[in-house]
Amino acid sequence: MPRYMLIMRGTDESNAAMMASIDEAMAATGRFIEDMMKAGVLLAAEGLDDPARGVVVDFGRETPVVTDGPYGETRELFGGYFLLDVATKREAVEWATRFPGGPRLEDRGPAGGRGRRDPARQPGLMGTTDVEAVWRIESARIVAALTRFTGDFGLAEDAAQEAVAEALTSWPRASPANPAGWLMATARRRAIDTIRRRAALHDRYALLAADAQAAEREADPEGIDDDVLALMFVSCHPVLSREARVALTLRVVGGLSSEEIARAFLVPVPTVQARITRAKKTIAAARVPFELPPPGERRERLGGVLSVLYVIFAEGSTATSGDRLLRPDVAYEAIRLTRTLAALQPDEPEAHGLLALCELTAARFPARTAPDGTPVLLEDQDRRLWDSAAIHRGLAALAKAAKRGLGPYALQAAIAAVHASAPSVEATDWDRIVLLYEALARVAPSPLVDLNRAVAVAMAEGPAQALTIVDDLVAAGRLPGSHLVPTVRGELLTRLGRLPEARAELESAARLCTNERERAVLLRKAAAIGAGTPEVG
């Protein structure tokens, strides 16, 4: 996901004005930072030292010249910065306009030039990209608040979508001063119109109508954080299928359109729309309450939310089908949602554990594929391309997760951390990875954990010991139909010199694999064995 830096700057006069009400300014800035953290977009925020202590280094001459600062020609003061992880430049601009005391800004493109504009947008007004940016930031809060007010999850989501559709046509002609408040108020009116048509709900209509004016003033009601968290629990409720949970979470919590979800998971748009519609009907039929689960159930239900976010991230990390190995946009959306969950549940170790796993895994994305999309194996990756900032964030999240012992996601993150800290495959602490997989097998046993443990055992102790683990999986009929078992078995047989068997396993794996990029690698390795030049790794 692109990263953008918001720089706080001003003049001596504006700085003096801020200092005159510093307590109020600091409190407002604190709320702004908290909002970004809970939206999962804030990577870093720092204040800078007194500008009077700055210097200017001029490289425009043969020898660099250093002079006292700060920015003597303009007296421009840089007070600090925010580093954001957002989907688009327009979303970053929208966050910038929400900085306390900041005016609404018009994006003019690159400095000194004119940026591309939405064709339907009049100068100074808001167009499609603006609506999308506001919706991406505010969608979870709006749907959560509407669900709380109406008591009807499906109605809330439908009303919110209708408000977005209305914004797409009206904002280019007359932009609101408070876009989030406009969406909330419009969606509220749409919900009231729907309820009005339901004769049996006159009492509820009267209650909502009394609140309509308050919605205009209050785009972010008190207690909205609990509502957003409740929205996550409802979207991931166990009465729904896994596919429905994923689609609903991305739609109502992530703010993605049906088209974006369909593109991410390579399914038709009508399929996504049908899943969302069925999910809302299922929630209504099961009378799922819009509330946080009772304390006794919350930890178990939290596991359901985490598993949905993990499924979304896993699809982005290694696509199950199609012609791309990675779908970074899907993975980064999962990271954003996981950051939001970790901010809303700061005392839940596994929320931080999953965040750590996602960050540390995504850190390797830049090196996992060649420019043409061809997969690059771990031993061939240029580790200088690994994202050091993501590794740092992942390690910080892992430290938070480890305060109460390591759960399943934190253990996987700890394995990823070993890889992230190693300068090469050969220098990796494989013995530690084996121990971590053994611990993971005790707390969350699964055939996939055993298969990954076999890979680590092969590196730490040799392929013969690892092959025994894999053969036990085959004999027990575990992971049937998965291309992963013959893939690993083929690699181990290659290292043992049993080349005809290895080639047969790799060809079998290629037939089972539904990702075109992975299949090409498997076929290339099988062909290399046939040519007498086997590849290992």
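See above for the structure.
Residues numbered from 1 in each chain as written. Predicted model: local features only at pLDDT ≥ 70, side-chain atom pairs only at ≥ 80, totals over all residues. Heavy atoms only, no water.

Caption draft 1: Geometry of the overall build of the protein chain. Secondary structure summary: the protein chain contains 23 helices and five strands in total. Residue pairs in contact within the protein chain that sit at least 24 positions apart in sequence constitute 66% of those at least 6 positions apart. Summed over all atoms, the accessible surface of the protein chain reaches about 26,200 Å², with 54% contributed by carbon and sulfur. (Helix = DSSP H or I, 4+ residues; strand = E, 2+ residues; numbered from the N terminus. Contact = heavy atoms within 4.5 Å. Areas by Shrake-Rupley, 256 points an atom, 1.4 Å probe, with all protein chains shown as cover.)

Caption draft 2: Just empty space enclosed by the protein, in detail. Under the definition given, this model contains one cavity of 30 Å³ or more. Computed from the structure, the largest cavity encloses a volume of approximately 170 Å³. Residue lining of the largest cavity: 18 residues in total, with K38, A39, I137, A140 and R141 positioned closest to the centre. Residue assignment for the lining of the largest cavity shows that the elements contributing at least two residues are α2 (22–38), α4 (128–150), α8 (224–235) and α13 (328–344). (1 Å grid on protein atoms, 1.4 Å probe; cavity = no way out; pocket = protein on both sides within 12 Å on 5 of 7 lines; lining within 4 Å. Points joined across faces, edges and corners; volume = space filled by probe spheres on them.)

Caption draft 3: Layout of the nonpolar core. Residues W171, L183, L231, L248, F313 and L341 are the most contacted members of the largest nonpolar core, which totals 127 residues. In terms of residue count, helix α17 (residues 408–421) provides more of this core than any other element does, ten residues in total. In this view, F313 contacts A331, A334, I335, C358, T361, A362 and F365; residues no more than four positions away in its chain are not counted. Listed in part, the twelve residues of the second largest apolar core include L6, F32, L42 and I137. (Core = buried A, V, L, I, M, F, W, Y, C linked by side-chain atoms within 4.5 Å. Buried < 20%, exposed > 50% of the residue type's maximum accessible area, 1.4 Å probe, protein only.)

Caption draft 4: Structural detail: the pattern of salt bridges. Taken as a whole and judged by the stated rule, the model has 21 salt bridges. The shortest N-O distance in the salt bridge between E333 and R136 comes to 2.5 Å. Here R136 lies in helix α4 and E333 lies in helix α13, a separation of 197 residues in the sequence. A relative accessible area of 2% means that E333 is categorised as buried. Across the pair R190 and E166 runs a salt bridge, and its minimum N-O distance is 2.6 Å. Placement of R190 in helix α6 (residues 179–196) and of E166 in helix α5 (residues 153–170) is noted, with a sequence separation of 24 residues between them. Assessed through its relative accessible area of 26%, E166 is described here as partly exposed. Look at the salt bridges and you will find they share partners, linking D85, R339, E359 and R393 into a network. (Salt bridge = Lys/Arg side-chain N within 4 Å of Asp/Glu carboxyl O.)

Caption draft 5: Summary view of the environment of E491. Position of E491 relative to the elements: it lies in helix α21 (residues 484–495). E491 gets classed as buried once you look at its relative accessible area, which sits at 14%.

Caption draft 6: View of helix α11 (residues 269–285). Helix length check: α11, at 17 residues, gives a terminal C-alpha distance of 24 Å against a target of 24 Å (1.5 Å per residue), a fit within 8%. Taken residue by residue, α11 has V272, I276, A279, K280 and I283 as its buried positions. Mapping the buried residues of α11 onto a view down its axis gives an arc of 95°, with all of them on the same face. Opposite the buried face of α11, at more than 90 degrees from it, the exposed residues are P270, R278, K281, A284 and A285. Backbone geometry just downstream of α11 places R287 in the positive-phi region, at approximately 50°. (Expected span 1.5 Å × (residues − 1). Arc of directions from axis to C-beta.)

Caption draft 7: Layout of the side chain of E138. Here E138 is to be found in helix α4. Filtering out sequence-adjacent residues up to four positions away, E138 remains in contact with R98 and A180.

Caption draft 8: Structural view of the packing of helix α12 (residues 295–317) against α13. Packing of α12 against α13 leaves a shortest axis separation of 6 Å and a crossing angle of 155°. In terms of orientation, α12 lies roughly antiparallel with respect to α13. Crossing of α12 against α13: the hand is left-handed. Within the contact between the two elements, α12 uses L302, V305, L306, L309, I312, F313, G316 and S317 and α13 uses P328, V330, A331, A334, I335, L337, T338 and L341. (Axes fitted to C-alpha atoms, helices over the stretch in contact; angles between N-to-C directions. Parallel < 35°, antiparallel > 145°, perpendicular 65-115°, else oblique. Left-handed = near helix turned anticlockwise from the far one by under 90°.)

Caption draft 9: Fine view of helix α10 (residues 258–265). Every buried residue of α10 is accounted for by S258, I261, A262 and A264. Looking straight down α10, one finds its buried side chains confined to an arc of 160°; they lie on one side. Residues of α10 that are buried sit in contact with α9 (242–253), α11, α12 and α13. Immediately downstream of α10, the backbone of L266 shows phi near 55°, a positive value.

Read these as layout, nothing more, since geometry by itself doesn't imply function.
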